[in-house]
Amino acid sequence: MLNAYASQALGAVDMSIAELSDIKAALDESVIVAITDRRGIITSVNDQFCAISQYSREELIGQDHRILNSGYHPKTFFRDMWRAIGNGKTWQSEICNRAKDGSLYWVQTTIVPFLDDRGKPYQYISIRTDITAQKNIKKITYIAYHDDLTGLPNRRNLIKRLEHEVTIGSTFALFLLDVNRFKHINDGLGHKVGDMFLKEIAQRLLAIDGQSNSFYRLNGDEFVYILNDVNRINEMAHRILSIFKESFVFSGYEFYASTSMGVSIFPEHGKSATDILKLADLAMYEAKKKKRNAWVLYHENMNGLNDQLLMLETKLHHAIRNNAFELHYQPKINVKTEKMEGMEALIRWTDHELGFVPPDQFIPYAEECGLIIDIGEWVLKSAAIQAKEWNEQYGLNLRVAVNISPKHLAELTFVERLQEIINEVGIEPHMLEIEITEMSMMDQNSDLIAKIQKIKQMGITISVDDFGTGYSSLSYLKQFPIDALKIDRSFIQNIGNEESGIAMVAAIIQLAHALNLEVVAEGVEELRELQILKEYHCEYVQGYYFSKPLNVKDFTNKLEQLS
């Protein structure tokens, strides 16, 4: 009988050891574990700890955790941690560490003290999980919805707010401010002063209304204010105009500025976010006809307010019919070899009356009035013809990238028309790259996925343009058969000035490579930016460091020089 009991007891012990072994194996697979003695000296680490820190066991054991110190946290952070665990309390927080290669990573950390007979800690076990991706997503989300210069919510944030207000049926007023003669400030005093000027305007606007989600930077020198109490329109209009009464002083320059402001009211003047913005814009142009620092409330009988939009639509029709658009091409450079392997086609339009019209002004309106499909097909065909001509003339294998509007992509016959253009031009499909904005891919419906798959099956390269600026859900990266991510220039500018910027770009590159995608960085203007991108194994870059977008003649000359 005794032997039977002993046997059962031993079996129970064996089972407990097996269970503990399973638990340890599960922890080793899923979390980052380290054990330290009472002084904080590392005595044991698991494989996950070595992998994320990039240090070997031999390099870690015998060290303390200062080997991973990123400098991000103040000394008080770790002093409070030691006070807690030294008193036998379990401690939890998020920690930013630095890996052996200098990159930063974030871990959710729990430290459990083990106590001796006297109640004093004799060792500590830390259990960590990698939360770098979540941290980066939060940063990406913030950047996507805020203007990087002024810190104000941006156009995307504004549209989201307007759609919410319209959905719940709130009454509100929308103020659209345009800074008068801003181009003169930029051209005369330089872009640095121009940027400081816009930041100062944002600060003055926030000073008169502390709700940071009430003022928005729409684009360039245009700002928007949302006011829910329409009884205060007159009061707030004068308060906004008053910020321009004081002079602006930067870098030894002093000058005065003014604004023209249009106001529209929902639902009195329009029934949608688009209508309210458009009508405020019309009122703003009417205000420009008045004296400096003026504002106008929209009303239905404004004479001539629609003339400008009607004229723009007419001119776009004429431009399409008369082949008045032009394509410029920006080289795409292989980071390792610093040689050109392709180019991006960029549309340009100069009207004999309006002068140069930037794409960000006429493309949105072309989408609104249904002309974007004709323009998009012209760009596709023209770029394909030119790429084929250059490749045949110089014996090259350059691939041309073309941006496709979400509305163009949504056309039922898009794939068929794309195939017709390829057949008509006689270009090899692998010479074409279709750039689709991140926002185009947010609607992960089966029809869109099937359409992208058909384009991919044709042999055409597919890339996501302006990655990071339209963040909604990263799941589409797994759903769509894409080949490359293009990092938006807002992530690249001044990347070398702060470690968080480098960490953000490094995270995007690592994410892309984990999904077997290539990376193209846009807006590279400085050697330091190129060096950082090279260090983190970005494959391609575009930007003024190598070349601005060139017209056909200048691009041909460049090919002549390379041949």
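Residues numbered from 1 in each chain as written. Predicted model: local features only at pLDDT ≥ 70, side-chain atom pairs only at ≥ 80, totals over all residues. Heavy atoms only, no water.

With respect to the nonpolar core
Phase 1: Of all hydrophobic cores here, the largest spans 81 residues; its most connected members are L316, F325, Y329, I455, L533 and V541.
Phase 2: The dominant element in this core, judged by the number of residues it contributes, is helix α13 (residues 372–394), at 10 residues.
Phase 3: Core analysis: the second largest hydrophobic core is formed by 32 residues, F175, V193, L227 and A257 among them. (Core = buried A, V, L, I, M, F, W, Y, C linked by side-chain atoms within 4.5 Å. Buried < 20%, exposed > 50% of the residue type's maximum accessible area, 1.4 Å probe, protein only. Helix = DSSP H or I, 4+ residues; strand = E, 2+ residues; numbered from the N terminus.)

Some remarks on the sheet that holds strand β4 (residues 104–115)
Phase 1: One open sheet holds the five strands; their spatial order is β2-β1-β5-β4-β3, and the pairing between them is antiparallel. The sheet terminates laterally at β2 (42–45) and β3 (91–98), the two strands that pair on one side only. Shown here is a sheet whose adjacent strand axes are inclined to one another by a mean of 30°, direction ignored.
Phase 2: Here eight bridges tie β3 to β4, and the two strands are oriented antiparallel to one another. Among the inter-strand pairings, Q92 is bridged to a residue of β4, identified as T110.
Phase 3: Here helix α4 (residues 75–86) sits on the sheet and contacts β3, β4 and β5 (121–130); the angle it forms with β3, its principal contact strand, is near 140°. (Pairing = 2+ DSSP bridges. Axes fitted to C-alpha atoms, helices over the stretch in contact; angles between N-to-C directions. Contact = heavy atoms within 4.5 Å.)

Details of the pairing of strand β6 (residues 172–179)
Phase 1: Extensive coverage of β6 is indicated by the burial of eight of its eight residues.
Phase 2: Burial along β6 is two-sided: the residues F172, L174, L176 and D178 and A173, F175, L177 and V179 are all buried.
Phase 3: Here β6 pairs with strand β11 (residues 259–266) via eight bridges, running antiparallel. The residue of β11 that forms the bridge with L174 is S264.
Phase 4: Relative to strand β8 (residues 222–227), β6 runs antiparallel, the two sharing six bridges. Across the sheet, the residue bridging to L177 is F223, located in β8.

Notes on unusual backbone geometry
Phase 1: For the peptide bond that leads from F266 to P267, omega is 0°, which places it in the cis range.
Phase 2: Along the chain, P267 turns up in the loop between β11 and α10 (273–288).

Comments concerning the side chain of D209
Phase 1: Counting through the fold element by element, D209 comes out in the loop between α8 (191–208) and β7 (215–219).
Phase 2: Despite its burial, D209 pairs with no opposite charge; the closest candidate is R232, at 5.4 Å N-O.
Phase 3: If sequence neighbours within four positions are ignored, D209 has contacts with S214, F215, Y225 and M236. (Lys, Arg positive; Asp, Glu negative; His and termini not counted. Salt bridge = Lys/Arg side-chain N within 4 Å of Asp/Glu carboxyl O.)

As for the confidence of the model for the chain
Phase 1: Chain-level statistics for the chain give a pLDDT mean of 85 and a share of 87% at 70 or above.
Phase 2: Below pLDDT 50 for its whole length, residues 1–15 participates in zero contacts with residues either more than four positions away or in separate chains. (pLDDT = per-residue confidence, 0-100.)

Focus on the packing of aromatic side chains
Phase 1: Scanning all chains against the criterion turns up 22 aromatic pairs.
Phase 2: Taking 4.8 Å as the distance between ring centres and 80° as the angle between the ring planes, the aromatic pair formed by F197 and F248 counts as edge-to-face. Placement of the pair is F197 in helix α8 and F248 in strand β9 (residues 248–250), with a sequence separation of 51 residues.
Phase 3: The exposure class of F248 is buried, given its relative accessible area of 0%.
Phase 4: Taken together, a centroid distance of 5.4 Å and an interplanar angle of 85° make the contact between W349 and F362 edge-to-face. (Phe/Tyr/Trp six-rings, centres within 6.5 Å; stacked < 30°, edge-to-face > 60°.)

Describing the pairing of strand β17 (residues 432–437)
Phase 1: Counting buried positions along β17 yields five of six residues, so the element is predominantly enclosed.
Phase 2: As defined by bridge partners, strand β16 (residues 399–404) adjoins β17 across five bridges and the pair is classed as parallel. Bridge pairing links N403 to E435 in β17.
Phase 3: Bridge count between β17 and strand β18 (residues 461–467): five bridges; the pairing is parallel. Along β18, the bridge assignment pairs I436 with V464.

Describing helix α9 (residues 233–242)
Phase 1: Buried residues of α9: I233, M236, A237, I240 and L241, and no others. Each buried residue of α9 sits inside an arc of 140° when the element is viewed along its axis, so together they form one side.
Phase 2: Contacts made by the buried residues of α9 are with β6, α8, β7, β8, β11 and β12 (294–297). (Arc of directions from axis to C-beta.)

Here's the deal with the pattern of salt bridges
Phase 1: As enumerated under the stated definition, the model contains 26 salt bridges in all.
Phase 2: One salt bridge in this structure joins R66 and D64, with 2.7 Å as the shortest N-O distance.
Phase 3: Salt-bridge contacts for K534 lead to E338; the nearest nitrogen and oxygen are separated by 3.4 Å. Taken as a pair, K534 in helix α20 (residues 527–535) and E338 in the loop between β13 (325–334) and β14 (340–351) lie far apart in primary sequence, 196 residues in all.
Phase 4: One connected set of salt bridges, linked through shared partners, spans E344, E435, K486 and E522.

Remarks on the sheet that holds β7
Phase 1: A sheet is described by the order of its strands in space; here five strands give the open sequence β7-β8-β6-β11-β12, paired in mixed fashion. Each edge of the open sheet carries a strand with a single partner, namely β7 and β12. Between one strand axis and the next, the sheet turns by 25° as a mean value, whatever way the strands run.
Phase 2: Where β7 lies against β8, four bridges are found, and the strand directions are antiparallel. By the bridge assignment for β8, Y216 is matched with V224.
Phase 3: Contacting β6, β7, β8 and β11, helix α6 (residues 155–168) crosses the sheet at an angle of about 120° to β7.
Phase 4: Sitting on the sheet, α8 touches β6, β7 and β8, and the angle it makes with β7 is about 150°.

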